[in-house]
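Structural overview
Chain residues, written in single-letter form:
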Amino acid sequence: MMYDWLYNLTGSELLAMFIVSLLPLFVFILPFALLAVLAERKVSAHMQDRLGPMRTGYHGILQTVADIIKLLQKEDLVPTATDKMLFNLAPLLTFIGSYAAFAVIPFSGFFIGTKIDLGIIFIVGITGLVVAGILMAGWASNNKYSLLGAMRSAAQIISYEIPTLLIILTIVMLTGTLSLYDLSEMQTAYFWNWLILGGPAVGIQKILLIPLMMMGCLIIYTSTLAEVNRTPFDIPEAESELVSGYHTEYSGMKFAMFFLAEYANMFAVSAIVAIMFFGGYQSPFGYLGNTLGWSWLVPIEQFSWFTSKGVFFVLVQMWLRWTLPRFRVDQLMAFCWKYLIPFSFVILLLVGLIALI
Amino acid sequence: MSKDSILNTKYSRLKTEEMVLNMGPQHPSTHGVLRLELQLDGEIISDVIPHIGYLHRCFEKHCEAMTYPQVIPYTDRMDYLASMYNEFGYAVAMERLLKIEVPERVDYIRVKMGELQRIASHLVAIGTYGADIGAFTPFLFCFRDRERILHLFEITCGARLLYNYIWIGGLSHDIHPDFIRLTKEFIKDFRPNVIELNELLSYNRIFIERTANVGVLPLETAINYGVSGPNLRASGFKWDLRKDDPYSVYHKFDYEIPIGIGEKGKVGDCWDRYYVRVLEMEESLKIIEQALETLPEGDVSSAIPKRIKPPEGQIYARVENPRGELGYFIISDGSLNPARVKVRAPSFVTMQVFPELCKGFMVADVVAILGSVDIVLGEIDR
Amino acid sequence: MRDYIYNFWQGLYTILVGMKVTLRHVFIPAVTIQYPSVKPQMPERERNRLYVNMDDCIGCDQCARACPVNCIEIETVKSIPGEDLGTTSNGKKKALWVTTFNIDFAKCCYCQLCVFPCPTECIYMTDVYEFSEFQRESLVYDFVTLLPEERIQKKKNYEELQIKKEAEKAAAAKKAAEEKAAALANKPEEPKQDNKEENK
């Protein structure tokens, strides 16, 4: 719809497409990444009884800007014995994989990058590029530790995609649609229609679904946490064990791209959880624009609800990072295969049975 | 499948070489400059060879050129996280050699300082152990509490880490007038913090998974190697020099000796060693409270001799460091300088038993085991 | 099976307890102070940079001997008779010119062992702790208040005095030897007379 509106505005297909594809990047992801890095440092500081960055700007607001300027002017080291093409391509692939997921995420009822029918499967497929990027980074660094870190990371991401997919299958089975836009539209009108509380079903189905949906939300949140390599699953970045894992050899702007990709990914997976279980861009109480009669206010409100839900889940991810210690590699795999996958199968089965009622 | 059974299958004709991994002197988790050469078989460790000596500063040779009171700043710098206890050990050894009786007030203050230092040292051990495992927050909580203890030391003798406070025959300063009040406030604030630390770290399921049943030290091995301190107590044996070989006024206080009982796994694993330290902090608080109530009057510098020229002879005295049994062996030849000062450092002995603990575990466990045995390189290398 | 469910439940529960602790700490005020805009209060017995009050120093060398790292370097020169160096603040009369009193703060370990033996309490620790320099040589502090010419002058005075004394001693010794030789020559005749002559 944004595309149509822009097309009507500018009269040129190319210009409309251009703006629509660049909009999430500049308006949303870059400012979000900037603020997320700062928020992480401030939130972690306040949890640890200290203050965090205070000197750059008022209470440290310009800290990330200072960091970006510092990273930009660093020397771009490329070790001699590496495979140059892979080395240079790896951060790019990782970033593309995280960023492309934003093409199908509906930011509001009015703006969605492209309305394809395969929303969720597209996301799962394109985040596979991230694994390829990590493996390339590890291999091309020509460093024992980077290779170990990259292989562990690849194993971790691939294993944790399975519970994610199983829960996605559950939702798909329940609602009958793959498109994220239709999923959000379905959870309209007040929060008891949200999927975490049973969705738009009625009667006994809804009551039976509630515990299963809550369990499912927990499982998908945990497994997407593992996909973005956050504590307690941050073995690839574990500083105290393997120095810095697969991005040890990167410096300057390439390192910044890995970082940016990680924060973009964090928001992408929080957005997916928010859309699937918590109503996406729908407000829990109805719209101010509707009651006042100003229909142009509604997409703005939806956008703000969506952002707040996404940011809330990102904050919970940060909260978890600063509370929990790290898993060991084999315990991580055991957790996935012995706990998350059996639970996901059980939920799939039970929800399937309930959906027949 | 154990390592033996893999090797005995029909694939044992294949020659698999062991990989050597170097956890070099500069590493975020080795506590100091320590080089560990790990011989790996895949991910399982077959041998660990520690290389020490990166922090050797010729302490024992320096002592031969110093007079007896000048040695005290040097003893501070050996185990820099528990300086009061190094001075305490040296003072106890010299007082036995010179046959001086110190006033009771001196003994009570020494015990108080020693126990506060024990709490501070255990806080560092616990905090850095959490940070190695990946929990970054308890590290800062522990250091915040340690700052209060260091402030207590600062108002007494002026320094936060290396004190030069416990002298042969007495102390350098009497306690500050505010000391007792501030210590009571600290104790009142510290007990809830220990409970919070337990909730955050000790009983956390992920932490228990990382540390239980890892690096088990059987009691026989511990006694054969001569391990002492919390590491020995975690293996189930109740041995504490404060009760079994009392020095100063420790026999007048009432406190327990916590031992490891294998609550979350086997007896003597990493979790036991960690938890014994947490319990010891509580016991130290009890000792400090009792010492605060019954502090006698007196003059702390009345028994300090003007010139220290001990008769010819030698002595070995041992005290209970936060890390184990710290022993001083002093030979005097009747002059102003000692002829030989030898220090038996507890972390040195622990380093010897470390390869035994690591065999059969994975690389990630080396970090967990190293953090739980709590070594300080300053003590090992002197 | 029971262990399985128990493990899972324990995991979830302890994680939630930990999260509660961390959340509570977000609302507790921070304990950091914003150095260098806010400086912490130093206690009264603090041990930072040393200061020597040269008016009180009698040059006894006790502090240099007490230092475990030999960072104090003291050179003194005896005064020639007739010079008045003044008295210290507790009434002692000074008898030595101190021409060199260097403390190398790169070596000093701030142990306070030099403060205790000083008889006039002229060396003490201040509360200055921000004294970094760009070059190591600038950390050698020279406390002597005499000008360089005066130091050379004092040394020269003392040397001249020494030379004079040596000359006098040599002359006196020579004279004594001559008298002794004369006494020996005159010895069998008049011993008493010779004694009187020697005492002159």
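Residue positions are given per chain, counting from 1 as you read along its sequence in written order. Written order decides the labels, with chains lettered from A and ligands numbered from 1. In keeping with the model being predicted, local features are shown solely for residues with a pLDDT of at least 70 and side-chain atom pairs are shown and tallied solely at 80 or more, while totals for entire chains, interfaces and linings include all residues.

The next point concerns the overall build of chain B. To qualify as a helix, a DSSP run of H or I must reach at least 4 residues; to qualify as a strand, a run of E must reach at least 2; elements of each kind are numbered from the N terminus. Within chain B, the regular secondary structure consists of 15 helices and 8 strands. Its C-alpha radius of gyration of 22 Å places chain B within 12% of the 21 Å reference for a compact globule of 382 residues. Exposure classes come from backbone-placed C-beta atoms, where a residue is buried if 20 or more other C-beta atoms lie within 10 Å of its own, exposed if 12 or fewer do, and partly exposed in between. Counting the 382 residues in chain B, one finds 49% classified as buried. By definition, residues are in contact whenever their C-beta atoms, placed on the basis of the backbone, come within 7 Å of each other. Put simply, of all contacts in chain B between residues at least 6 apart along the chain, 72% involve residues at least 24 apart. We compute the radius of gyration over the C-alpha atoms and compare it with the globule rule, which gives 2.2 Å times the number of residues raised to the power 0.38.

When you go through chain C residue by residue, the secondary structure sums to 4 helices and 5 strands. In sequence order, chain C lays out its α and β elements as α-β-α-β-β-β-β-α-α. Taken over the C-alpha trace, chain C has a radius of gyration of 35 Å; the compact-globule value for 200 residues is 16 Å, which it surpasses by more than 25%. Taken over 200 residues, chain C has a buried fraction of 12%. Expressed as a percentage of contacts within chain C between residues at least 6 apart in sequence, the contacts between residues at least 24 apart total 74%.

The next thing to look at is the pairing of strand 6 (residues 313–321) of chain B. All names here are of chain B. When DSSP finds two or more bridges between a pair of strands, those strands are recorded as paired. One ladder, built from 9 bridges, connects strand 6 with strand 7 (residues 324–332); its direction is antiparallel. Considered in strand 7, the bridge of Tyr316 is made with Phe329. Here strand 6 folds back onto strand 7 in antiparallel fashion, the turn holding 2 residues.

This part covers the interface of chain B and chain A. With 18 residues of chain B at the interface, the matching set in chain A holds 19 residues. For the side of chain B that touches chain A, the secondary structure elements donating two or more residues are helix 5 (104–133), helix 6 (137–157), helix 8 (205–211) and helix 14 (363–373) of chain B. All amino acids are sorted into three groups, where Ala, Val, Leu, Ile, Met, Phe, Trp, Tyr, Cys and Pro are nonpolar, Asp, Glu, Lys and Arg are charged, and the leftover types, Gly among them, are polar. Of the residues contributing to the side of chain B that touches chain A, the split by class is 9 nonpolar, 5 polar and 4 charged.

The next point concerns the interface of chain C and chain A. Between chain C and chain A, the residue contacts involve 12 residues of the former and 11 residues of the latter. Partitioning the side of chain C that touches chain A into residue classes produces 7 nonpolar, 5 polar and no charged.

Residues and elements named next belong to chain B. Bridge count between strand 2 (residues 35–41) and strand 3 (residues 44–51): 7 bridges; the pairing is antiparallel. In the sheet register, Arg35 faces strand 3, and the bridge partner there is His51. If you look at the hairpin formed by strand 2 and strand 3, you'll find 2 residues sitting between the two strands, and Gly42 has a positive phi there, around 75°.

Further remarks concern the nonpolar core. By size, the foremost hydrophobic cluster in this structure holds 188 residues, and its most contacted members are Val273 of chain A together with Ile369 of chain B. Here this core gets 17 residues from one element, more than from any other, and that element is helix 11 (residues 253–278) of chain A. Here this core spans two domains, since at least three of its residues come from each of domain 1 (1–73) and domain 2 (74–355) of chain A. Residues in contact with Val273 of chain A, not counting those within four places in the same chain, are Cys217, Ile220, Tyr221, Thr224 and Phe313 of chain A. Residues Leu50, Cys67, Ile74 and Cys111 of chain C belong to the second largest nonpolar core, which totals 16 residues. Nonpolar cores are built from buried Ala, Val, Leu, Ile, Met, Phe, Trp, Tyr and Cys residues. These are joined into a set through C-beta atoms within 7 Å. Throughout, the edges of the domains are those of an automatic or database domain assignment.

All names here are of chain A. Mapped onto the elements, Met173 comes out in helix 7 (residues 144–175). C-alpha separation for the pair Met173 and Gly352, spaced 179 residues apart in sequence, amounts to 7.0 Å. With residues up to four places along the chain from it excluded, the contact list for Met173 reads Val351, Gly352 and Ala355.

On to the domain arrangement of chain C, then. Entries for chain C in the domain assignment read domain 1 (50–150) and domain 2 (163–199). Between the C-alpha centres of domain 1 of chain C and domain 2 of chain C there is a distance of 46 Å.

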